[in-house]
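Observations on the model geometry
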Amino acid sequence: MNRIYLDHASTTPMRPEVLEAMLPFLKGEYGNPSSIYGEGREARKALDRARDRIATILGASPREIIFTSGGSEADNLAIKGAAFALRDRGNHIITSAIEHHAVYNTCRYLEKHGFRITVLPVDSYGLVDPSAVAAALTPETILVSIMHANNEIGTIQPIAEISKILKERKILFHTDAVQTVGHIPVNVQELGVDLLSLSAHKFYGPKGVGALYVRRGVRLDPLIHGGAQEHNRRAGTENVAGIVGMAEALVLAASEMDKEIERQQELRDKLITGIMESIPHTRLNGHPKKRLPGNVNVCFEFIEGESLLLNLDMQGIAASSGSACTSGSLEPSHVLLALGLPHEIAHGSLRLTLGRGTSAADIDNVLEALPGIVDRLRQMSPLYDADAFCKTH
Amino acid sequence: MYSEKVMDHFTNPRNVGEIPDADGVGTEGNAVCGDIMKLWIKVEDGRIVDARFKTFGCGAAIATSSMITELVKGKTIEEALQISNTAVAEALDGLPPVKMHCSNLAADALRKAIDDYLAKQKGAEDNNG
């Protein structure tokens, strides 16, 4: 059976060109970039080139890029690193209610170490209000962390607006850009952020590698202590092959970005419209316009997400849900709850995230399969009374 | 993560639906947790002759619901009361650990349906007496 992969926000297939770029460093080129002899110098050259390429695309200078093991480490380094380095200035951190767990749980951890965390609410589209950020600032505020775009509902935050407010007050601003880098334009100067996290496997690069942009002059305590790698900010021999692959993936993503945005947006809107028209009692989660080009997130009332995913999987469609059963916890997605959705509706969410391999035929196939699956589960649901709805709606 | 039996009962659930003239109805679970099961039973001469269900929930919730309708048919009320949530899970060749607590409600729903039946019986006797 032909599989249709619609979970690109979770991970993406690595591009063959990326593998090609990585292979020399997994085979012959085994040098340690910190060594002074020939083998080491070759590895150093590859590392420097990758850093240059990534910095250029982000509008940063190479020294401002720190390589990490991925997005979660980048988020941890940004938040814990800044918090502990700036402890003498204050103990207050502001974040939002819809952050990725890598940010959310890092902030919760800092609470145990004496930091005070303000969690800003979002509106029904998942947007943070910049004036709410301004209102939450105190003389003790040392850091604000608001994600660029949300991984579940795709809502894109007004980062540049928020950064204007924070610049005046000289408060550090971190953004988790794991969902946006390689997908929509991300320029650290235009966004005005001091810290920005990214992850290679979200843009067709390898897993296990990411980076943190750290604006020049920003103080940061390292998480990993050891050698002098990454300007003493992240010890450990660099993942040369992974870093080379990440740079290659980012360059490729940037070169086809405009075209892909347009193409995916069209498919996304076709999918959203098709679902809303063919399946009653459905709501779109996230902002209709300010959303990632490849993100679709809907809630089907009266059914539960995991049953939906199992049925889709049996028809060859890979997707995800914010239901409790798919998260391994008893609570549905904190993002959907932050939008104000009741629990029973949040349990019935479906996220379909498109990618560069998604075709118009894939979208047609999903639109053909989905109504039948939803109807079958609704017929089985004690919450759904089709006759009553026919009479009243 | 699910056993073949669970997937079988999830894919082809037995006895989905309602019994309009049921002798007992029980509902267990809540929407907050994401699992609600409603079970209808028909009782003749102290034996459960039919059972049907409707469930809002994950794969495990639907499979356990389906399984219990199979298990109770033909059983006396006393026998049916002996069926535990664990027994339902075992009949399905087990459930993933996280599902044992939240999605394994079928025996509780059955107990409520039997309570409902017994209460109705008692009401009828009282009225007759």
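Above this text you will find the structure in question.
A quick note: this is a predicted structure, and the numbers were derived from the prediction, not measured.

1. Brief notes about the packing of aromatic side chains
Aromatic ring pairs are described here by two measures, namely the spacing of the ring centres and the angle between the planes. Residue and element names in this part refer to chain A. For the structure shown, the criterion picks out two aromatic pairs over all chains. Ring geometry for Phe 84 versus Phe 115: centroids 5.7 Å apart, planes at 75°, classification edge-to-face. With Phe 84 in helix α3 (residues 71–85) and Phe 115 in the loop between α4 (101–111) and β4 (116–120), the pair connects residues that are 31 residues apart, well separated along the chain. Ring geometry for Phe 302 and Tyr 384: centres 5.2 Å apart, planes at 40°, overall tilted. Taken together, the positions of Phe 302 in the loop between β10 (295–300) and α11 (305–314) and Tyr 384 in the loop between α15 (360–379) and α16 (386–392) put the pair 82 residues apart, joining distant regions of the chain. When its relative accessible area of 12% is taken as the criterion, Tyr 384 is described as buried. Stacked on the ring of Tyr 109, the Lys or Arg Lys 80 has its end atom at 5.0 Å from the ring centre. In this arrangement the basic side chain of Arg 378 is found over the ring face of Tyr 384, its NZ or CZ atom lying 5.7 Å from the centre.

2. Some points on the sheet that holds strand β3 (residues 47–56) of chain B
Residues and elements named next belong to chain B. Pairing in this open sheet of three strands is antiparallel, and the strands run β1-β2-β3 from one edge to the other. Sheet topology places β1 (24–30) and β3 at the edges, where each strand pairs with a single neighbour. Adjacent strand axes in the sheet meet at a mean angle of 15°, parallel and antiparallel pairs treated alike. In this sheet, strand β2 (residues 35–44) lies alongside β1 in antiparallel orientation, the contact comprising seven bridges. When the bridges of β2 are listed, Gly 24 appears paired with Ile 41.

3. Quick look at the side chain of Thr 155 of chain A
Residue and element names in this part refer to chain A. The residue Thr 155 is located in the loop between β5 (141–145) and α6 (159–169) in this model. Here Thr 155 falls in the buried class, since its relative accessible area comes to 0%. A polar contact is formed between the side chain of Thr 155 and the backbone oxygen of Tyr 125, at a distance of 2.7 Å. Leave out the neighbours within four places in its chain, and Thr 155 touches Tyr 125, Gly 126, Leu 127, His 148, Ala 149, Asn 150, Gly 286, His 287, Lys 290 and Arg 291.

4. As for the environment of Asp 115 of chain B
Here Asp 115 of chain B is to be found in helix α6 (residues 106–128). Along the chain, Asp 115 of chain B and Gly 26 of chain B lie 89 residues apart, while their C-alpha atoms are 8.1 Å from each other.

What counts as what
Residues numbered from 1 in each chain as written. Chains lettered and ligands numbered in written order. Predicted model: local features only at pLDDT ≥ 70, side-chain atom pairs only at ≥ 80, totals over all residues. Heavy atoms only, no water. Phe/Tyr/Trp six-rings, centres within 6.5 Å; stacked < 30°, edge-to-face > 60°. Helix = DSSP H or I, 4+ residues; strand = E, 2+ residues; numbered from the N terminus. Buried < 20%, exposed > 50% of the residue type's maximum accessible area, 1.4 Å probe, protein only. Lys NZ or Arg CZ within 6 Å of the ring centre and 35° of its normal. Pairing = 2+ DSSP bridges. Axes fitted to C-alpha atoms, helices over the stretch in contact; angles between N-to-C directions. Polar contact = N/O pair within 3.5 Å; in protein donor to acceptor, adjacent residues only side chain to side chain. Contact = heavy atoms within 4.5 Å.

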